[in-house]
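Structural features, examined
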Amino acid sequence: MPQRQHIAIVGGGASGTLLAWQLARQGLAGMTTLLDPAEAPGAGLAYSTSFPQHLVNVRNETLSADPSDAGHLLRWVHAMHDPGAGPDGFIPRRWFGDYLRTLFRESGVRHRRGVAVAMERRSCGPVLLLADGSRLHATHVVLATGNFPPPPLPELDDAAIASGRYHHDVWDPDALGRIGPDEDVVLIGTGLSTVDAVLRLRAQAHRGALVAVSRRAWLPEVHRALTVPGSPVVGADVQATARGYLAAFRRALRDGIPAAAAVDSLRATSNALWLALSENEKRRFRRHLQRRWDVVRRRMAPMVGAAVTEALRDESLTLRRGRVTAVRQDGDALAITVRTPGGTDTIRAGHAINTTGPDPRYGRGESPLLRTLLQEGLAVAGFEGEGLRCDADGAVLDRQDRPTPDLFSLGPPRMGTLFESVAIPEIRAQAAALAAHLREAIHPETARGG
Ligand SMILES: Cc1cc2nc3c(=O)[nH]c(=O)nc-3n(C[C@H](O)[C@H](O)[C@H](O)COP(=O)(O)OP(=O)(O)OC[C@H]3O[C@@H](n4cnc5c(N)ncnc54)[C@H](O)[C@@H]3O)c2cc1C
């Protein structure tokens, strides 16, 4: 007897939710289960924040769940929160979390609370083993497992961990609330997670000094009104090397195109440009250009930028160049060792927060499911040991480099292969394409006709 078709989505953040919603549009809701430990799936890590100061970092018009209907999110925001919100605005992330929860409810997909810790392949198809000892049988599994806490620090004292003064997970809703208003804090990193922490601390009337440390001490730039060139500033004909791309980019800057507009012109083609690079050229890009790219590409909403500028101006926030190499307990505080261009410094502070961003190396990470998939060769890590190797449909590649017909991924795990895969504009497109692909796999007779 043929196996009853069943899709299991592992993870109910933005990626799993957008996929569930798209599967419902393909008529597959009844054969789909979404597995996630949350009480109500939807918001995931990025959009569960309850702080109104935490805004989305792309304009409302680019965040609609439906790639072909830019107004879908805005109509919902107008009805539910703010009739005056515009396409160029930046809504609070918690509103976007509400929107995602609504989409999940609308989808009609079944939610099963739980965490998958391993996957077995049986003759009847993949079987997910859950932490509570139960099993979930499926014919297709989609890893929408998203983001995990930051990578470990090189040296972290057990006493520092036990003291409760070192905060490894900046998104832990309670951790930052325990920081006293006058305690000094070292923020490890200067990216968007750092900005989140600064906003959060300011919102709780924190008065102590905030020192943010990173190798270059560059903060993300701020969104401004821009005219984006109609065609990408690095064309498909440019030699596929980091140097070739940089030369074309610099030509655009010399022609008077602002860096942010030049970066935005590449949004639709940056994955193709990345895939055209050899491994060596990707490494070169990572080493010399990635961070410069990131601060322009991942910009802050204007209101967020204004709050950060204010914190820099009143010196409640200062930036330091260097690399944090150790965090140790030092009496009733922490001693944070920073390797700087000129030597080694030690900063004494009441608390240290790791704001270096999600750990993309699943092999060493927190997820038993991803770790065992990698160990068993059912999946392989992508570029530089990060994310997963996938084909263009999101099928996960196995140790023999073969796409698996029953194991897929979307969102952050595809960063092992792609250059852009964590933001909503990419995730929603992947969700729509993967839902269509699964429908074709499950009902080839209906899908071929459109
Ligand atoms: C703080 C932050 C802010 C961001 N802001 C923006 C923004 O403004 N705009 C933008 O475009 N992008 C933003 N991003 C990018 C963000 O990565 C994506 O927008 C999106 O939220 C990723 O969603 P996800 O579902 O893939 O991951 P997650 O939100 O991490 O969700 C993954 C879910 O999977 C569950 N899960 C994991 N493993 C298992 C398992 N084994 N079994 C069961 N469940 C499991 C987790 O519990 C979690 O609920 C932001 C990212 C972060 C971290």
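From a predicted model like this one, the values you see are computed outputs, not experimental measurements.

We now examine the sheet that holds strand 6 (residues 135–137). As summarised here, the arrangement of the three strands in space is 4-5-6, forming an open sheet in which the pairing is antiparallel. The sheet is open, and its two borders are formed by strand 4 (116–122) and strand 6, each paired with just one other strand. Taking each pair of neighbouring strands and ignoring which way they run, the sheet shows an average axis angle of 25 degrees. As paired strands, strand 4 and strand 5 (residues 125–130) are joined by six bridges and run antiparallel to one another. Opposite R122, over in strand 5, you have G125 as the bridge partner. Of the strands in this sheet, strand 4 and strand 5 are in contact with helix 12 (residues 368–375), which crosses strand 4 at around 35 degrees.

Around the ligand lies a shell of 32 residues, among which S15, D36, L45, Y47 and N57 are the nearest. For the ligand, an oxygen atom lies 2.8 Å from a polar atom in the backbone of L45. When the free accessible area of the ligand is taken as 990 Å², the share hidden by the protein chains comes to 89%. Every element with two or more residues in the shell around the ligand is listed here: helix 1 (14–25) and helix 13 (424–442). Of all the elements, helix 13 adds the most residues to the shell around the ligand, at three residues. Residue composition of the shell around the ligand, grouped by class: 19 nonpolar, 10 polar and three charged.

The next point concerns the pairing of strand 10 (residues 185–188). Both faces of strand 10 are covered, namely the face carrying V185 and L187 and the face carrying V186 and I188. Where strand 10 meets strand 11 (residues 210–214), four bridges bridge the pair, whose relative direction is parallel. Opposite L187, over in strand 11, you have A212 as the bridge partner. Handedness of the β-α-β unit built from strand 10, helix 5 (residues 192–203) and strand 11 comes out right-handed. Pairing between strand 10 and strand 16 (residues 351–354): four bridges, direction parallel.

This part covers the domain arrangement of the chain. According to the domain assignment, the chain consists of domain 1 (7–148 + 359–447), domain 2 (155–221 + 299–354) and domain 3 (242–297). Between the C-alpha centres of domain 1 and domain 3 the distance comes to 27 Å. Taken together, the 10 residues of domain 1 in the interface contact 13 residues of domain 3. At the boundary of domain 1 with domain 3, total buried surface from both sides reaches about 1,200 Å², with 51% on carbon and sulfur atoms. The largest share of the area that domain 1 buries against domain 3 comes from F383, F419 and E420, three residues that together contribute 60% of it.

Side chains H140 and V142 of strand 7 (residues 140–143) all project onto a buried face; the interleaved residues V141 and L143 project onto the opposite face, where all are buried too. Where strand 7 meets strand 18 (residues 403–409), three bridges bridge the pair, whose relative direction is parallel. Following the sheet pairing, L143 is matched in strand 18 by S409.

Rules of the game
Residues numbered from 1 in each chain as written. Predicted model: local features only at pLDDT ≥ 70, side-chain atom pairs only at ≥ 80, totals over all residues. Heavy atoms only, no water. Pairing = 2+ DSSP bridges. Helix = DSSP H or I, 4+ residues; strand = E, 2+ residues; numbered from the N terminus. Axes fitted to C-alpha atoms, helices over the stretch in contact; angles between N-to-C directions. Contact = heavy atoms within 4.5 Å. Near = heavy atom within 4 Å. Polar contact = N/O pair within 3.5 Å; in protein donor to acceptor, adjacent residues only side chain to side chain. Areas by Shrake-Rupley, 256 points an atom, 1.4 Å probe, with all protein chains shown as cover. Nonpolar A, V, L, I, M, F, W, Y, C, P; charged D, E, K, R; others polar. Buried < 20%, exposed > 50% of the residue type's maximum accessible area, 1.4 Å probe, protein only. Right-handed = clockwise from strand over helix to strand, strands pointing away. Domains from an automatic or database assignment. Buried area = accessible area lost by both parts, 1.4 Å probe.

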